Structures are given as C-alpha cells and as structure tokens.
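Okay, here's what each chain looks like letter by letter:
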Protein chains: 2
Amino acid sequence: MTDTFATPQDAEDCFYDSLEENDLDKMMSVWDSTGNILCLLPMASPLIGTEAVRSGWDRVMQAGMKIDILVSHLHWIETEETAIHVVEQRIELADSDHKQPPIFATNIYRRTASGWALILHQTAPAPPPPGMQPGMPPGM
Amino acid sequence: MTDTFATPQDAEDCFYDSLEENDLDKMMSVWDSTGNILCLLPMASPLIGTEAVRSGWDRVMQAGMKIDILVSHLHWIETEETAIHVVEQRIELADSDHKQPPIFATNIYRRTASGWALILHQTAPAPPPPGMQPGMPPGM
C-alpha cells in the first residue's frame, strides 16, 4: 500500500485498473489510509471504514469476473483539497455479449500529505433507454 | 437567495425543508451560487449547473406532492473546506399508506465566503428487504 497519486485522475485510473485486474491490494491502495471512507455499491448497505470496504470489494473480486470498464467523464468539481468526479461506467463482461446498462458513479478524492486518495465511491442507476420515462419521485 | 448557512447541517435542513414545503426558491438558495453544481436523481441524467438543477427540481415540485422526509445520518466526512453527508431518506406521502423504500443520498457542501453551500446531491437505492439478496455486479 505504498502507492501515491499525484493527481485525482491517477488515483481514479488505478481504481478502475484494479477492478479489471481483480487486484484487491491495488484497489485498497487508492483509498484514504485514515479509514474515514465510505463506499455505496448498488442495493447494498454502506461500507464504512477500511475493513468494510475491503470486505465488500473482496466479495466482488472473489466472483472473478473478467470485465472491461469504460469510464466517461461527466463532470468534475475540484478545489485545492477535494476532487469530485462524476463518471459514467460501462462494464463489459468478457464472456458475454450481453450489454450491461451504464451506471453513474461519483468518486471523491482528498489531497493528503502523500498525494490524492479516494474517500467515497457511490454508484447510481443511469436512465432507462429512450421511450421509457423514469418517474421522478419518490427517489429525490 | 440571500440565505447563508453557518454549518453544512443548516444547509441540509433547509434542503429537506424546501422539499417538504415545495419551495423552489428555498431549495435553490441552498445550492452554490457559482453554478458548479451537480444533481443526480434516480434514473435520470445528471443535472449540471444552476439552470438544469432548477428545472429538474421544478418538475419534481410541480407534481405538488405532500411529503414528509425522515433523514437519518449514516456517515459524515468533513474537512475545513468540504462536508460530505451520507444519509438515509425515508419519504412518506401524506395521502398514502404505502411505505416507500428508503433511499441513500450523498450531499456534498463546500465552504464559501458567505457560508456553506450544496454542490452535489446524489441518490442511490437502498438494499432490498431481508431475504432478498442483492447482486453485487454489474453495478460496482
């Protein structure tokens, strides 16, 4: 866990690389070592703190799926201390032609004494295909 | 839009009050006036910038639903400049006994020269009831 990241984007690249490589230690090197971190995966309870985050991703990686993740930049809000990256993730399964629906994700990084570190990852469903109208409430 | 908020919690209280009161101007007073803001409502495209955020909430409020929102604190990550509040929202419709499923929300505030202001609101579905197992992938 000696990786350091000069920019939020460097940390983000490592985060998604670790998922494609099913490399849990690499994944955990991206997270802030203070442990004041939170990960919200879909339809799951929040993972709060290093141990919970590690266990959650361990379960994902134990599935051993071979995936490619295409990440598109939607919007950045960055200050000297904090970087918020909202992205669209498209996950492609290596052994399937089935297209997964895209997912929005928010990744928040903070500047630490040793570089940028991830403090929050949260996903959200993307809109349904054209022609299907999403309902606005109750999910505001 | 002259509201100022001495703490992130003051801003958050105003945000949820504005929803219960269907008060769009009150809602918009919480958002950062720089316009570098983003709102991700469920199954909808990101609302980026003041006009998009205002239009999105206007559509929600035009529905004129009478709601109560119960907000539970899940986790705070706060620095001098930025406050990240992860909460559980339970929305109760005044005219219905139907229980809405809870929703997780992340609200991010930044300290401005005139107080704390909301820069991001994102929701995510909460876990299904006990007995239903959520699938982890593909939504990581």
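Residues numbered from 1 in each chain as written. Chains lettered and ligands numbered in written order. Predicted model: local features only at pLDDT ≥ 70, side-chain atom pairs only at ≥ 80, totals over all residues. Heavy atoms only, no water.

Q: Could you clarify how one ought to interpret helix α3 (residues 50–62) of chain A in this entry?
A: The periodicity of an α-helix, 3.6 residues per turn, causes residues three or four places apart in sequence to face the same way. All names here are of chain A. Counted at 1.5 Å a residue, the expected span for α3 with its 13 residues is 18 Å, and the 18 Å between its end C-alpha atoms agrees. For α3, every residue scored as buried is listed here: V53, G56, W57, V60 and M61. Taken end-on, α3 shows its buried residues confined to a sector of 135°, consistent with a single buried face. When the buried face of α3 is taken as reference, the exposed residues oriented beyond 90 degrees from it are E51, R59 and Q62. Buried residues in α3 make contact with α1 (8–20), α2 (24–30), β1 (38–40), β2 (47–48) and β6 (115–125). Of the residues flanking the end of α3, it is G64, one or two places downstream, whose phi is positive at about 65°. (Helix = DSSP H or I, 4+ residues; strand = E, 2+ residues; numbered from the N terminus. Expected span 1.5 Å × (residues − 1). Buried < 20%, exposed > 50% of the residue type's maximum accessible area, 1.4 Å probe, protein only. Arc of directions from axis to C-beta. Contact = heavy atoms within 4.5 Å.)

Q: Mind showing me how you'd approach the confidence of the model for chain A here?
A: Close reading of the predicted structure is inappropriate where its pLDDT is low. Residues and elements named next belong to chain A. On average, chain A scores 89 in pLDDT, and the residues at 70 or more come to 89%. Confidence drops under pLDDT 50 across residues 133–138; counting only partners more than four residues distant or on other chains, this segment forms 10 contacts. At the level of chain-chain contacts, confidence expressed as ipTM amounts to 0.85, with global pTM at 0.88. (pLDDT = per-residue confidence, 0-100.)

Q: What's the story with the sheet that holds strand β3 (residues 67–78) of chain A in this structure? I'm lost.
A: Hydrogen bonds along the backbone pair up the strands of a sheet, which may run parallel or antiparallel. Residue and element names in this part refer to chain A. If you walk across this open sheet you meet the 6 strands as β2-β1-β6-β5-β4-β3, and the pairing is mixed. Of all strands in the sheet, those bounded by a partner on one side alone are β2 and β3. Examined bridge by bridge, β3 and strand β4 (residues 82–93) share 11 bridges and lie antiparallel to one another. Across the sheet, L70 pairs through a bridge with R90, a residue of β4. Along the sheet, α1 makes contact with β3, β4, β5 (103–112) and β6, crossing β3 at roughly 160°. (Pairing = 2+ DSSP bridges. Axes fitted to C-alpha atoms, helices over the stretch in contact; angles between N-to-C directions.)

Q: In this structure, what is going on with the relation of the copies chain B and chain A? I would like to understand it.
A: Both copies of the chain are placed relative to one another by a rotation about an axis and a shift along it. Under the fitted operation, chain B is carried onto chain A by 0.0 Å of movement along the axis and a turn of 180°, and the coordinates agree to an RMSD of 0.0 Å. Viewed as a symmetry operation, the transformation between the two copies matches a two-fold axis. Closest approach to the rotation axis among the C-alpha atoms of chain B is made by B:A124, whose C-alpha sits 2.6 Å away. (Least-squares fit on C-alpha atoms with pLDDT ≥ 70 in both.)

Q: Explain the interface of chain B and chain A here, please?
A: Often, the extent of an interface is quoted as the loss of accessible area on bringing the components together. At the interface, 49 residues of chain B touch 49 residues of chain A. Buried area between chain B and chain A, both sides added, is near 4400 Å², and the carbon and sulfur share of it is 74%. Here chain B and chain A share 0 salt bridges between them. Seen at the junction of chain B and chain A, the total is 5 residue pairs in polar contact (both at pLDDT 80 or more). Every element with two or more residues in the side of chain B that touches chain A is listed here: β1 (38–40), α3 (50–62), β3 (67–78), β4 (82–93), β5 (103–112) and β6 (115–125) of chain B. (Buried area = accessible area lost by both parts, 1.4 Å probe. Salt bridge = Lys/Arg side-chain N within 4 Å of Asp/Glu carboxyl O. Polar contact = N/O pair within 3.5 Å; in protein donor to acceptor, adjacent residues only side chain to side chain.)

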